[in-house]
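# Structure at a glance
What follows is the residue order along each chain.
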Amino acid sequence: MFLAVKELMHSKMRFLMIIIIFVLLAWLVFILSGLGNGLSTLAASTFKTMKADYVIFEEGAQSSMSKSLLSDQLIPEVELLPNVIAAAPMGSTMATALKGQSAKNEDKLDIAIIGINPGSFLEPAVVEGKGLSAENPTGVIVNSTMKEEGYAIGDTFQLDGTTQALTIIGFVENQTYNHVASVFTPMAEWRKIAFAAPGSDKGVTGPVNAIMLQGKDIDPDVMDSKLTGTDTVTRSGAVQGMPGYKEENGTILMMLAFLLAIAAFVLGVFFYVITMQKTSQFGIMKAIGASNRFLSKAIVSQVFVLSLISIVVGILLTYGTAAIMPKGMPFKLETNLVVTYSIILLVISILSSMVSVRKITKIDPLKALGRVE
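Here the structure is a predicted model, which means the values were calculated and not measured.

This part is about the overall build of the chain. Counting secondary structure elements, the chain contains 12 helices and 13 strands. Taking all contacts inside the chain whose residues are at least 6 apart in sequence as the whole, residues at least 24 apart take part in 79%. Here the chain displays about 18,500 Å² of accessible surface, and carbon together with sulfur accounts for 61% of that area.

Dropping the structure here:
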């Protein structure tokens with residue numbers, strides 16, 4: 001480590017250029033990971049934050065709420081099955097809210113109507129106002145992002161294309177679905193909205209899109225064998241079944257994978273070139289007794305110090321960038337993501353230095369000394 005630090009201090013400009021390149025790569029990795037996580041959260045935070053472990057869909061629905069239609073009369077039967085602690089119905093439908101009674105396009109807001117039973121484990125905690133009540137079927141709790149659109153507790157908004165009007169009685173946080181704000185309403189009111197067209201419920205009694213379960217060690221195959229026409233999946237499986245979710249996250253992950261591969265290649269080339277430039281110096285050190293292990297440790301230590309500095313600077317730049325980003329941009333950088341990608345970048349940089357380490361072990365002191373001018 002001593003030798004590595006001494007050389008870093010001696011050749012500041014050379015190593016500063018490497019640090020700048022690595023900082024830019026790390027910065028881009030953290031920005032992309034934050035954007036990917038933000039998009040993922042915006043698409044499915046309602047599902048991700050629900051206190052449910054498993055989801056029952058209609059058979060053949062491909063774990064999609066929009067393709068599934070079940071009867072809530074299944075719930076008593078489901079609650080009697082092994083390892084099931086609780087079961088609650090859920091429905092979802094997309095809608096457009098009209099602020100006041102206006103029909104102007106600038107007053108329209110896309111929302112997701114989420115139908116649940118008031119007081120069930122699916123109801124999110126209210127941060128302002130009060131929760132859902134069966135006695136007030138048109139009272140809804142909405143995501144706090146609707147405040148930015150001018151909505152407040154007590155406001156009533158109409159659903160575009162319908163005669164239904166809903167009144168905001170509470171706000172919740174981190175509740176979005178399909179990239180829009182979630183609006184939670186009692187199940188009875190949700191059915192009026194979702195099945196307003198005659199026959200759209202297909203004659204199903206008490207129609208719901210899915211039944212959410214709380215429980216441990218539930219075997220989906222056993223569940224489906226005991227129920228008729230159902231498909232049981234984990235909550236994460238339900239998230240993956242949301243339209244476009246896998247494709248969206250797959251795109252971000254592919255970009256990150258390419259970026260990390262590019263980072264490994266660029267850093268490997270930089271360290272290899274620097275090692276080649278110091279062949280004579282390494283030859284002299286070998287001639288006076290320095291072992292391959294000693295020189296290898298010096299190179300790895302040098303890479304470790306450079307990488308650590310670059311990653312820390314990249315993290316600081318990322319948080320600085322996040323602070324000035326527009327509120328509407330879906331950026332969410334969590335601590336576990338920062339730690340994970342920091343470790344990945346650190347490992348990649350150390351592995352990329354192995355090419356240089358291998359070159360050092362093959363240096364012949366006599367040949368290297370012959371190159372000294």
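Now that the structure is up, let's keep going.
Where nonpolar side chains cluster on the molecular surface, the patch consists of Phe265, Val269, Tyr272, Val273, Met276 and Val355 and spans about 520 Å² of accessible area. Top contributing element to the nonpolar patch by residue count: helix α7 (residues 245-277), with five residues. Here phenylalanine 265 shows up in helix α7.

Turning our eyes to something else, we now look at unusual backbone geometry. Non-glycine residue serine 63 carries a positive phi angle of around 55°. Counting through the fold element by element, serine 63 comes out in the loop between β1 (54-58) and β2 (70-71). Positive phi, close to 55°, is recorded for aspartate 217, a residue that is not glycine. Position of aspartate 217 relative to the elements: it lies in the loop between β12 (210-215) and α5 (220-226).

This next bit is on the side chain of glutamate 123. Residue position: glutamate 123 is located in the loop between β4 (108-116) and β5 (128-129). Notably, glutamate 123 is buried but unbridged: the nearest opposite-charge side chain belongs to lysine 51, and the N-O separation is 11 Å. Looking at glutamate 123, its side chain comes within polar contact range of the main-chain nitrogen of leucine 132, at 2.9 Å. Apart from residues no more than four positions distant in its own chain, glutamate 123 is found in contact with Ile116, Pro118, Gly131, Leu132 and Ile141.

For the rest of this paragraph, the subject is the pattern of salt bridges. One pass over the full model with this rule turns up five salt bridges. Between aspartate 72 and arginine 191 there is a salt bridge whose closest N-O contact spans 2.9 Å. On the criterion of sequence distance, the pair formed by aspartate 72 in the loop between β2 and α3 (75-79) and arginine 191 in helix α4 (residues 187-194) is long-range, its members being 119 residues apart. Relative accessible area serves as the criterion here: at 24%, aspartate 72 is assigned to the partly exposed category. Here glutamate 334 ties to lysine 332 by a salt bridge, and the two come within 3.6 Å at their closest N and O atoms.

Take the side chain of asparagine 209 next. Within the secondary structure layout, asparagine 209 lies in the loop between β11 (207-208) and β12. Overall, asparagine 209 belongs to the buried group, its relative accessible area being 6%. Within the structure, asparagine 209 has its side chain in polar contact with the backbone nitrogen of serine 92 (distance 2.8 Å). Sequence-distant contacts of asparagine 209, that is, excluding residues within four places in its chain, are made with Ile56, Phe57, Met65, Ser68, Leu69, Met90, Gly91, Ser92 and Trp190.

Geometry of an aromatic ring pair is reported as the spacing of the ring centres plus the angle between the planes. For the coordinates displayed, the defined rule picks out three aromatic pairs. Summarising the aromatic geometry, the rings of phenylalanine 47 and tyrosine 177 are spaced 6.1 Å apart at their centres and angled 40° between planes, so their arrangement reads as tilted. With phenylalanine 47 in helix α2 (residues 12-49) and tyrosine 177 in strand β9 (residues 176-177), this pair connects stretches of sequence that are 130 residues apart. As far as burial versus exposure is concerned, phenylalanine 47 and tyrosine 177 are alike and both buried. With a centroid separation of 5.4 Å and 85° between ring planes, the pair formed by tryptophan 190 and phenylalanine 195 is classed as edge-to-face. For tryptophan 190, a relative accessible area of 0% puts it in the buried group.

The next thing to look at is the environment of leucine 28. Position of leucine 28 relative to the elements: it lies in helix α2. Under the relative-accessibility criterion, leucine 28 is labelled partly exposed at 42%. Each C-alpha atom of the pair leucine 28 and isoleucine 315 lies 10.0 Å from the other, and the pair is 287 residues apart in sequence.

In the contact formed by helix α9 (residues 292-324) and helix α10 (residues 335-352), the axes pass within 9 Å of each other and the chain directions differ by 150°. Judged by the angle between their axes, α9 and α10 are roughly antiparallel. For the pair α9 and α10, the sense of crossing is right-handed. Residues Val300, Val303, Phe304, Ser307, Leu308, Ile311, Ile315 and Tyr319 of α9 pack against Val338, Ser342, Leu345, Leu346, Ser349 and Ile350 of α10. Within the contact of α9 with α10, the residues separate by chemical class into 11 nonpolar, three polar and no charged.

Moving on, we get to the environment of methionine 146. Structurally, methionine 146 is set in the loop between β6 (139-143) and β7 (156-159). A sequence separation of 35 residues divides methionine 146 from isoleucine 111, and the C-alpha atoms of the two residues are 9.4 Å apart. Once residues lying within four places of it in the same chain are set aside, the contact partners of methionine 146 are Leu109, Ile111, Tyr151, Phe157, Ala181 and Val183.

For the rest of this paragraph, the subject is α4. Burial in α4 covers these residues: Met187, Glu189, Trp190, Arg191 and Ile193. The elements touched by buried residues of α4 are β3 (84-99), β4, β7, β8 (165-172), β10 (180-186) and β11.

Let's shift gears to the pairing of β12. In regular strands, side chains alternate between the two faces of the sheet. Extensive coverage of β12 is indicated by the burial of five of its six residues. Bridging between β1 and β12 involves three bridges; their strand directions are antiparallel. When the bridges of β12 are listed, isoleucine 56 appears paired with isoleucine 211. Looking at chain direction, β3 and β12 are connected through six bridges and run antiparallel. Looking at the pairing, alanine 88 lines up with methionine 212 of β12.

Cut-offs applied
- Residues numbered from 1 in each chain as written.
- Predicted model: local features only at pLDDT ≥ 70, side-chain atom pairs only at ≥ 80, totals over all residues.
- Heavy atoms only, no water.
- Helix = DSSP H or I, 4+ residues; strand = E, 2+ residues; numbered from the N terminus.
- Contact = heavy atoms within 4.5 Å.
- Areas by Shrake-Rupley, 256 points an atom, 1.4 Å probe, with all protein chains shown as cover.
- Patch = residues over 30% accessible without salt bridge, like charges linked within 9 Å, V, L, I, M, F, W, Y side chains within 5 Å.
- Salt bridge = Lys/Arg side-chain N within 4 Å of Asp/Glu carboxyl O.
- Buried < 20%, exposed > 50% of the residue type's maximum accessible area, 1.4 Å probe, protein only.
- Lys, Arg positive; Asp, Glu negative; His and termini not counted.
- Polar contact = N/O pair within 3.5 Å; in protein donor to acceptor, adjacent residues only side chain to side chain.
- Phe/Tyr/Trp six-rings, centres within 6.5 Å; stacked < 30°, edge-to-face > 60°.
- Axes fitted to C-alpha atoms, helices over the stretch in contact; angles between N-to-C directions.
- Parallel < 35°, antiparallel > 145°, perpendicular 65-115°, else oblique.
- Left-handed = near helix turned anticlockwise from the far one by under 90°.
- Nonpolar A, V, L, I, M, F, W, Y, C, P; charged D, E, K, R; others polar.
- Pairing = 2+ DSSP bridges.

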